[in-house]
Amino acid sequence: MPASELPVLDFVLTNYKNFNARATRDALLSYWEHVSGGGRMFWSVAGAMSSAQLGITLAPAIRAGLIHGLSVTGANLEESLFRLVAHAAYKDFPEYRYMTKQDDTRILDQRMRRVTDTSIPEDEAFRAVEKFIVPMWKTASRKGERRFWHEYFYELIQVLEPSAYEGDPEACWLLEAAKRKLPIVVPGYEDSTFGNIFASYVKTGECGASIVKSGIEYMADFYDRYAELSAGKGVGFFQIGGGIAGDFPICVVPSTKYDLQQPVKPWAYFCQISDSTTSYGSYSGATPNEKITWDKLTEQTPMFVIESDATIVAPLMLSALLECQRQPEAANARIARHRR
C-alpha cells in the first residue's frame, strides 16, 4: 500500500468518528473550509503551552498563513522566548505524579521552576532574558516611550543574535509572530514572571510603570485590529484553555456593538480545546451556546468543543491543516469523498 501524501488528514478522516474524536475532525474540517475560503483565524492560548513546546507546530502554522492573530498569557509569551534561549537547560520529570514535596524542594534548590513534567531554568532563562529586556525598559523610561507588553518582546527576539539560540528558531512561535507583525494581545501580562520582574523595577523607581500600555489600551487598540481581521470572510476564534486569554479578545464583538455602538461582524467560527468540565459559573467550562446570550457568537456560528488535552489535539489539528495548505486540491478531494 503506497504511503499517504496526507497521512494526518487521512488518519483523522478514517478514525475520528465519534465523541471528542468527531468534534476534533469536524472542527478541523470547518477550520480548513474557513481559511481556504479566504477567512482568517485568531488563536487564544492559555495554560503553559509554550513550555509544552506547542511552537513546534504553531510556528509553521503562522508561517503558512493559518493563524492571523493571537491572544496569549504573559507566561506563554515569555516562555516561547525561554525555549529559544534556554532549551538545553530545561529538565523533564516524566514521573512527576509520584514526586514528593521533598523532590520539589530539590528542584527549587537546583534553581528550576517546574511546570507539570518539565521545568524552566532560572539562570539560563529568567536571568538571561532579564539582562536584555531591563535595559530596554530603562531606556523607554528615560525617553518617556510607551509600548504594548508584547512589543518589547517582539523587538528583543528579533535583535537576539542566532548564537544565543539553544532551541530551534523554526519552532519558536514568538519569533514567527514578530517577523510577521501579527496582531497580538497579552491581557493580564502582570501575572507572569517578567510582569513580576517589571513590577520590582517600578517599585525601586528604576522604571516607570507607564512605559507599558494598559489592558484597557490593548482593548481600545483591538477594536481596530478586529475590524481589519474580520474584513472579507470574517475571522474565527480558536481557543486553548479558558480564562483571560480567551475572555478578553472574544468580548470585542459585543463591546463594539453595544459600547461603541458601531456595526461589527460576529466571530465566524469558534472552537475550544479544554479539559475543564462544564460547571456552574465556570467560564472555562461554559458551553458555546452561553456565549450567544452575550452576543459573542450567533446561532449560525460553527461551534466546537473538544474536551481533551490541547497538547495532544492542537498539534494533530495543525499538522493536518499544514498538509491541507501544502496540497489543497488533494485535501479537498479527500474531504469531499469523506462527506459523501
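As the structure is a computational prediction, the values presented were derived from the model and not from experiment.

Trainee: Can you lay out the overall build of the protein for me, pointing to particular residues and giving the numbers?
Mentor: When you go through the protein residue by residue, the secondary structure sums to 15 helices and nine strands. A globule of 340 residues ought to have a C-alpha radius of gyration of about 20 Å, and the protein, at 21 Å, matches this closely. Taken along the three principal axes of its C-alpha coordinates, the protein extends 65 × 55 × 40 Å. A total of 340 residues make up the protein; the buried ones form 49% of that total. Nonlocal contacts in the protein, meaning residues at least 24 apart in sequence, comprise 77% of its contacts between residues at least 6 apart. Accessible surface, the protein as shown: approximately 16100 Å² in total, 52% of it carbon and sulfur.

Trainee: Lay out the nonpolar core with the relevant residues and their values.
Mentor: The tendency in soluble globular proteins is for nonpolar side chains to be buried as a group. Counting residues in hydrophobic clusters, the biggest one holds 102 residues, and the most contacted among them are Trp43, Leu70, Trp137, Trp149 and Trp173. Top element by residues in this core is helix 14 (residues 310–326). It accounts for nine residues.

Trainee: Can you lay out the pairing of strand 7 (residues 235–240) for me, pointing to particular residues and giving the numbers?
Mentor: Counting buried residues in strand 7 gives six out of six residues, a clear majority hidden from the surface. Relative to strand 7, strand 1 (residues 40–45) runs parallel, the two being bridged by six bridges. Of the residues in strand 7, the one forming a bridge with methionine 41 is glycine 236. Alignment of strand 7 against strand 8 (residues 270–273), held across four bridges, turns out to be parallel. Its bridge partner being in strand 8, phenylalanine 237 is matched across the sheet by phenylalanine 270.

Trainee: Outline the pattern of salt bridges, listing residues and values.
Mentor: One pass over the structure, following the stated rule, counts 20 salt bridges. In this structure, aspartate 10 engages arginine 334 in a salt bridge whose closest nitrogen and oxygen atoms are separated by 2.9 Å. Residue aspartate 10 is located in helix 1 (residues 7–15), and its partner arginine 334 is located in helix 15 (residues 328–338); the two are separated by 324 residues in the primary sequence. For arginine 334, a relative accessible area of 18% puts it in the buried group. Between lysine 296 and aspartate 247 there is a salt bridge; the shortest N-O distance is 3.1 Å. On the criterion of sequence distance, the pair formed by lysine 296 in the loop between helix 13 (288–293) and strand 9 (303–306) and aspartate 247 in helix 11 (residues 244–250) is long-range, its members being 49 residues apart. Residue classification places aspartate 247 among the partly exposed residues on the basis of a relative accessible area of 27%.

Trainee: Provide a residue-level description of the layout of surface pockets, including the pertinent values.
Mentor: A volume near 680 Å³ is recorded for the largest pocket. Around the largest pocket sit 30 residues that line it, and Ala48, Met49, Ala52, Asp309 and Thr311 are the ones nearest its centre. Where the lining of the largest pocket is concerned, the elements lending two or more residues are helix 3 (55–63) and helix 14. When residues of the lining of the largest pocket are assigned to their parent elements, the largest contribution, three residues, is made by helix 14. Broken down by class, the residue content of the lining of the largest pocket amounts to twelve nonpolar, 13 polar and five charged.

Trainee: Go over the pairing of strand 2 (residues 69–72) with me, naming the residues and quoting the values.
Mentor: Taking every second residue as pointing to the same face, both faces of strand 2 are buried, with Gly69 and Ser71 on one and Leu70 and Val72 on the other. Here four bridges tie strand 1 to strand 2, and the two strands are oriented parallel to one another. Opposite phenylalanine 42, over in strand 2, you have glycine 69 as the bridge partner. The handedness of the strand 1 to strand 2 crossover, carried by helix 3, is right-handed.

Trainee: Before we move on, can you summarise helix 12 (residues 252–259) with the specific residues and values?
Mentor: Of all the positions in helix 12, only Val252, Val253, Pro254, Ser255 and Thr256 are classed as buried. For helix 12, the secondary structure elements touched by its buried residues are helix 10 (215–229) and helix 11. Phi turns positive one or two residues past the end of helix 12, at glutamine 261, with a value near 55°.

Trainee: Hey, could you go over the sheet that holds strand 4 (residues 112–115) for me, with residue numbers and the actual values?
Mentor: The three strands lie next to each other as 3-5-4, forming an open sheet whose pairing is antiparallel. Of all the strands in the sheet, the pair left with one neighbour each is strand 3 (91–92) and strand 4. In this sheet, strand 5 (residues 118–121) lies alongside strand 4 in antiparallel orientation, the contact comprising four bridges. Directly across from methionine 112, in strand 5, lies its bridge partner proline 121.

Trainee: I'd like a rundown of the sheet that holds strand 7, residues and numbers included.
Mentor: Strand order in this open sheet of six strands is 6-2-1-7-8-9, and the pairing throughout is parallel. Here the strands that pair on one side only, and so sit at the sheet edges, are strand 6 (184–185) and strand 9. On the sheet, helix 2 (residues 19–36) packs against strand 1, strand 7, strand 8 and strand 9 and is oriented at approximately 140° with respect to strand 9. Sitting on the sheet, helix 10 is in contact with strand 1, strand 6 and strand 7, with an inclination near 145° to strand 1.

Trainee: Hey, could you go over the packing of helix 1 against helix 2 for me, with residue numbers and the actual values?
Mentor: In contact at an axis separation of 9 Å, helix 1 and helix 2 are set at 130° when each is read in the N-to-C sense. With respect to helix 2, the axis of helix 1 lies oblique. Two packed elements cross with a definite hand, and for helix 1 against helix 2 that hand is left-handed. The segment helix 1 lies against helix 2, with Leu9, Val12 and Leu13 engaging Arg25, Leu28 and Leu29. Split by residue class, the contact of helix 1 with helix 2 holds five nonpolar, no polar and one charged.

Definitions and cut-offs
Residues numbered from 1 in each chain as written. Predicted model: local features only at pLDDT ≥ 70, side-chain atom pairs only at ≥ 80, totals over all residues. Heavy atoms only, no water. Helix = DSSP H or I, 4+ residues; strand = E, 2+ residues; numbered from the N terminus. Rg over C-alpha atoms; globule rule 2.2 N^0.38 Å. Buried < 20%, exposed > 50% of the residue type's maximum accessible area, 1.4 Å probe, protein only. Contact = heavy atoms within 4.5 Å. Areas by Shrake-Rupley, 256 points an atom, 1.4 Å probe, with all protein chains shown as cover. Core = buried A, V, L, I, M, F, W, Y, C linked by side-chain atoms within 4.5 Å. Pairing = 2+ DSSP bridges. Salt bridge = Lys/Arg side-chain N within 4 Å of Asp/Glu carboxyl O. 1 Å grid on protein atoms, 1.4 Å probe; cavity = no way out; pocket = protein on both sides within 12 Å on 5 of 7 lines; lining within 4 Å. Points joined across faces, edges and corners; volume = space filled by probe spheres on them. Nonpolar A, V, L, I, M, F, W, Y, C, P; charged D, E, K, R; others polar. Right-handed = clockwise from strand over helix to strand, strands pointing away. Axes fitted to C-alpha atoms, helices over the stretch in contact; angles between N-to-C directions. Parallel < 35°, antiparallel > 145°, perpendicular 65-115°, else oblique. Left-handed = near helix turned anticlockwise from the far one by under 90°.

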